[in-house]
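# Breakdown of the fold
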Amino acid sequence: MGKIVISENVSLDGVIEDPTGAEGLRVGGWFFETDRGEDGERFTLDKTLSTEALLLGRRSYEFFAATWPSRGGELADKLNSLPKYVVSSTIEDPDWNNSTVLTGDVVEEVSKLKRELSGEIVVLGSPQLARTLIEHDLVDELRLMIYPVLLGAGARLFGETSDKKPIRLVDTQTVGDGIAILTYERVRDAERAPDGANLQDKRAAALRQAGIRESA
């Protein structure tokens, strides 16, 4: 069973658009304005090396397909060799090696992909695709590299959802010049407290731990 991981570079106010400045956004290019440091570069490489496949929307696929095939090094070699799945109704003959176009219903296609593959299926960029996967509870992990900048414009990772989507923080790390790496996992229905009494007990325990006396 595969695991869908949304891995994003994101500003403090949630923008993921145009981190490199290639798309012409007025506030684009923010990815290069903060040093990720050796720890940040190592984190990216290690996570890429453990990736089983990439899952991309059309625009992000076209950007990566134009960027990575000409590059060398361990990171580029891994990205170029990975199986790549692109959600698109217009791409017919993808030119990045090991690419497959998913043309059917997104939810059905990705659900099938999760059943057929093992390991991490990583979504990079692709905000519209990411929001669709979040809405339909197909995401298992959110891996966010948060840059210390407010952009005030641009496409954001999260949009409206039809219901609450509980998530759990499982790891934190700070790299470079104040970039926070936050890793969350989805809390499934089976993991939630089964009734109101248990939820109340959890709240009371949290208050006691914080040294707060609960009012009658």
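Look above for the structure.
Residues numbered from 1 in each chain as written. Predicted model: local features only at pLDDT ≥ 70, side-chain atom pairs only at ≥ 80, totals over all residues. Heavy atoms only, no water.

For the rest of this paragraph, the subject is the side chain of Thr183. Mapped onto the elements of the fold, Thr183 is located in strand β8 (residues 179-186). Other than its neighbours up to four places away in sequence, Thr183 contacts Glu141, Leu142, Arg143, Arg168, Leu169, Val170 and Asp171. (Helix = DSSP H or I, 4+ residues; strand = E, 2+ residues; numbered from the N terminus. Contact = heavy atoms within 4.5 Å.)

Counting residues in hydrophobic clusters, the biggest one holds 26 residues, and the most contacted among them are Ile4, Ile6, Leu55 and Leu133. Among the elements that make up this core, the one with the highest residue count is helix α5 (residues 127-135) (4 residues). Leaving out residues up to four positions away in the same chain, Leu133 has contacts with Ile4, Leu55, Val106, Val110, Val123, Leu138 and Val139. Formed by 16 residues, the second largest nonpolar core is a distinct cluster that contains Trp68, Leu79, Val122 and Leu124. (Core = buried A, V, L, I, M, F, W, Y, C linked by side-chain atoms within 4.5 Å. Buried < 20%, exposed > 50% of the residue type's maximum accessible area, 1.4 Å probe, protein only.)

This next bit is on the packing of helix α1 (residues 37-49) against helix α3 (residues 74-81). Two measures define how a pair of helices packs: the angle their axes make with one another and the distance between the axes. Where α1 meets α3, the closest approach of the two axes is 10 Å, and the angle between their N-to-C directions is 30 degrees. It follows that α1 is roughly parallel to α3 by the angle criterion. Between α1 and α3 lies a crossing of left-handed hand. Residues Leu45, Thr48 and Leu49 of α1 form the contact with α3, whose participating residues are Glu74, Leu75, Lys78 and Leu79. A breakdown of the residues in the contact of α1 with α3 according to their chemical character gives 4 nonpolar, 1 polar and 2 charged. (Axes fitted to C-alpha atoms, helices over the stretch in contact; angles between N-to-C directions. Parallel < 35°, antiparallel > 145°, perpendicular 65-115°, else oblique. Left-handed = near helix turned anticlockwise from the far one by under 90°. Nonpolar A, V, L, I, M, F, W, Y, C, P; charged D, E, K, R; others polar.)

Here we come to the pairing of strand β1 (residues 2-11). Burial analysis of β1 places 8 of its 10 residues in the buried class, the great majority of the element. Pairing of β1 with strand β5 (residues 119-124) involves 6 bridges; the strand directions are parallel. The partner of Ile6 across the bridge, within β5, is Val123. Here β1 pairs with strand β6 (residues 141-147) via 7 bridges, running parallel. Paired with Val10 across the strands is Ile146, a residue of β6. (Pairing = 2+ DSSP bridges.)

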